[in-house]
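In case you want the letters, here they are:
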Amino acid sequence: MEQQNLIQQQRELWNTFSPGWRKWDSFVIRWLQPIGEKLIEVAQLREDDLILDVATGTGEPGLTVATKVRRGKVIGTDVAERMISLAQENAKRRGIANYQALVSDASHLPFQNQEFSVILCRFGVMYFANPQADVKEIVRMLKQGGRIAFSAWAQPEKNPWATTSGKTVQEILQLPPPPPDTPGIFRHAQAGALAQLFQGAGLKDIQETEVRGKLEFDSAEQYWEYTMDVVAPVAVALSEVDAATRKKVKQAILLRARSFEKGGKIIFPWSSWVVSGKK
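Cut-offs and rules
- Residues numbered from 1 in each chain as written.
- Predicted model: local features only at pLDDT ≥ 70, side-chain atom pairs only at ≥ 80, totals over all residues.
- Heavy atoms only, no water.
- Core = buried A, V, L, I, M, F, W, Y, C linked by side-chain atoms within 4.5 Å.
- Buried < 20%, exposed > 50% of the residue type's maximum accessible area, 1.4 Å probe, protein only.
- Helix = DSSP H or I, 4+ residues; strand = E, 2+ residues; numbered from the N terminus.
- Contact = heavy atoms within 4.5 Å.
- Pairing = 2+ DSSP bridges.
- Right-handed = clockwise from strand over helix to strand, strands pointing away.
- Expected span 1.5 Å × (residues − 1).
- Arc of directions from axis to C-beta.
- Axes fitted to C-alpha atoms, helices over the stretch in contact; angles between N-to-C directions.
- Parallel < 35°, antiparallel > 145°, perpendicular 65-115°, else oblique.
- Left-handed = near helix turned anticlockwise from the far one by under 90°.
- Nonpolar A, V, L, I, M, F, W, Y, C, P; charged D, E, K, R; others polar.
- Phe/Tyr/Trp six-rings, centres within 6.5 Å; stacked < 30°, edge-to-face > 60°.
- Polar contact = N/O pair within 3.5 Å; in protein donor to acceptor, adjacent residues only side chain to side chain.

**A word on the nonpolar core**
No. 1: In terms of nonpolar packing, the biggest core is built from 90 residues, with Trp31 and Phe150 touching the most fellow members.
No. 2: Sort the elements by how many residues they give to this core and helix H3 (residues 25-43) lands first, with nine residues.
No. 3: Filtering out sequence-adjacent residues up to four positions away, tryptophan 31 remains in contact with Trp153, Trp161, Leu215, Tyr226 and Trp270.

Now the structure itself:
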């Protein structure tokens with residue numbers, strides 16, 4: 001029951017924030033493009049692959065993958081109905097016919113043994129209800145000799161775009177740190193964490209790569225707007241405080257964000273892990 005409650009909480013949260021993901025979709029696609037490219041590279045795609053994109057969100061990297069496997073097909077899954085609707089809209093708008101999106105959480109994917117030749121997951125594993133069990137279940141659906149590639153954010157100190165708002169809220173509201181294995185952005189942040197999950201699922205030829213880049217905002221105010229639209233833990237916490245406290249938090253976040261100002265822009269470094277393996 002606890003696992004089902006966790007899945008339902010995730011569904012409700014992603015559905016609630018889906019308007020923000022729609023608003024920032026093209027911004028996020030540009031930002032995360034290097035990670036999608038690395039996932040595609042290590043997946044070693046073939047034109048006729050049947051590919052599963054777990055936690056597809058608004059459709060990436062599955063939609064881009066679909067354009068590279070013209071004789072194949074991509075199926076994207078996500079726990080949230082409204083995110084799936086966005087993925088379907090994006091596929092239609094881009095004229096991508098070999099992409100299908102459906103609602104399903106990672107613990108209960110409705111597919112047969114060895115159905116897929118490639119399985120991808122960009123920043124979804126951190127939110128799985130039971131990561132080790134769910135990765136094993138996903139590997140069940142991978143063909144013998146097939147490849148799997150996941151990404152997860154690296155350590156907090158390498159991702160100040162997240163900690164600038166997150167730590168500020170935690171400090172000012174005096175929130176306790178979440179338990180170590182709670183679903184969240186830095187759940188698999190340490191080097192080797194994703195690789196360990198893959199090893200536990202029986203994968204071989206495991207490779208881990210760090211992908212780095214820069215995230216650029218026009219101003220500290222734009223960073224605040226993005227945070228409130230998309231960063232659920234911060235937005236939810238601030239929805240429960242009075243106006244004076246919210247203002248105090250906002251001013252502190254703006255001040256810290258401005259410490260990353262270069263040439264009139266707010267530029268944050270970011271870092272993620274891309275880990276691949278073979279069945």
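**With respect to the pairing of strand S4 (residues 116-122)**
For a regular strand, side-chain orientation follows a simple rule: the groups alternate between the two sheet faces.
No. 1: Of all seven residues that make up S4, seven are buried, and the element is covered over most of its length.
No. 2: In this sheet, S4 lies alongside strand S1 (residues 50-54) in parallel orientation, the contact comprising four bridges. The partner of isoleucine 51 across the bridge, within S4, is valine 118.
No. 3: Taken together, S4, helix H6 (residues 131-140) and strand S5 (residues 142-153) form a β-α-β motif whose crossover is right-handed.

**Overview of helix H11 (residues 243-258)**
Every α-helix winds through 3.6 residues per turn, so residues three or four apart in the chain are directed the same way.
No. 1: A rise of 1.5 Å per residue sets the reference length of H11, with its 16 residues, at 22 Å; its end C-alpha atoms lie 22 Å apart and thus fit the reference within 8%.
No. 2: Every buried residue of H11 is listed here: Val249, Ile253, Leu254 and Ala257. On an axial view of H11, the arc spanned by its buried residues comes to 135°, and they lie on one face. In this structure, H11 carries Ala244, Lys247, Lys248 and Leu255 as exposed residues pointing more than 90 degrees from its buried face.
No. 3: In this fold, the buried residues of H11 make contact with helix H7 (160-172), helix H9 (220-230), helix H10 (232-238), strand S7 (261-262) and strand S8 (265-278).

**Quick look at the packing of H9 against H11**
No. 1: The contact between H9 and H11 brings their axes to 9 Å, and the two run at 125°. The angle between H9 and H11 falls in the class oblique. Crossing hand, H9 versus H11: right-handed. Contacts between H9 and H11 involve Ala220, Glu221, Tyr223, Trp224 and Met228 from the first element and Arg246, Lys250, Ile253, Leu254, Ala257 and Arg258 from the second.
No. 2: Each residue belonging to the contact of H9 with H11 can be placed in one class, and the counts come to seven nonpolar, no polar and four charged.

**Quick word on the packing of aromatic side chains**
No. 1: A full pass over the atoms with the stated rule returns 20 aromatic pairs.
No. 2: A ring pair is formed by tryptophan 14 and tryptophan 21, whose centres lie 5.8 Å apart and whose planes are at 40°; its orientation type is tilted.
No. 3: What makes tryptophan 14 partly exposed here is its relative accessible area of 22%.
No. 4: The interplanar angle of 55° and the centroid separation of 5.6 Å between the aromatic rings of phenylalanine 217 and tyrosine 226 together place this pair among those described as tilted.

**What to know about unusual backbone geometry**
Outside of glycine, negative phi angles account for most residues, and trans bonds account for most peptide bonds.
No. 1: Geometrically, the link from glutamate 60 to proline 61 is a cis peptide bond, its omega value of 5° lying close to zero.
No. 2: In this structure, proline 61 sits in the loop between S1 and helix H4 (62-66).
No. 3: One non-glycine residue, alanine 55, lies in the positive phi region at around 60°.
No. 4: If you trace the backbone, alanine 55 turns up in the loop between S1 and H4.
No. 5: Positive phi, close to 55°, is recorded for glutamine 174, a residue that is not glycine.
No. 6: Counting through the fold element by element, glutamine 174 comes out in the loop between H7 and helix H8 (193-200).
No. 7: You can call glutamine 174 exposed: its relative accessible area is 69%.

**Some details on the packing of H6 against H8**
Packed helix pairs are characterised by how far apart their axes lie and by the angle those axes make with each other.
No. 1: The geometry of H6 relative to H8 is characterised by a closest axis approach of 9 Å and an angle of 55° between their N-to-C directions. Classified by the angle their axes make, H6 and H8 are oblique. When the axes of H6 and H8 are compared, the crossing they make is right-handed. Mapping the contact onto sequence places Pro131, Gln132, Val135 and Lys136 in H6 and Gln196, Leu197, Phe198 and Gly200 in H8.
No. 2: The residue inventory of the contact of H6 with H8, partitioned by class, reads four nonpolar, three polar and one charged.

**Comments concerning the side chain of aspartate 49**
No. 1: Position of aspartate 49 among the secondary structure elements: in the loop between H3 and S1.
No. 2: Exposure remark for aspartate 49: the relative accessible area of 2% places this residue in the buried category.
No. 3: At 2.6 Å, the side chain of aspartate 49 forms a polar contact with the backbone nitrogen of arginine 46.
No. 4: Setting aside residues no more than four positions away along its own chain, aspartate 49 makes contact with Gln44, Val69, Gly72, Lys73, Ser117 and Val118.

So yeah, pure geometry; function would need other evidence.
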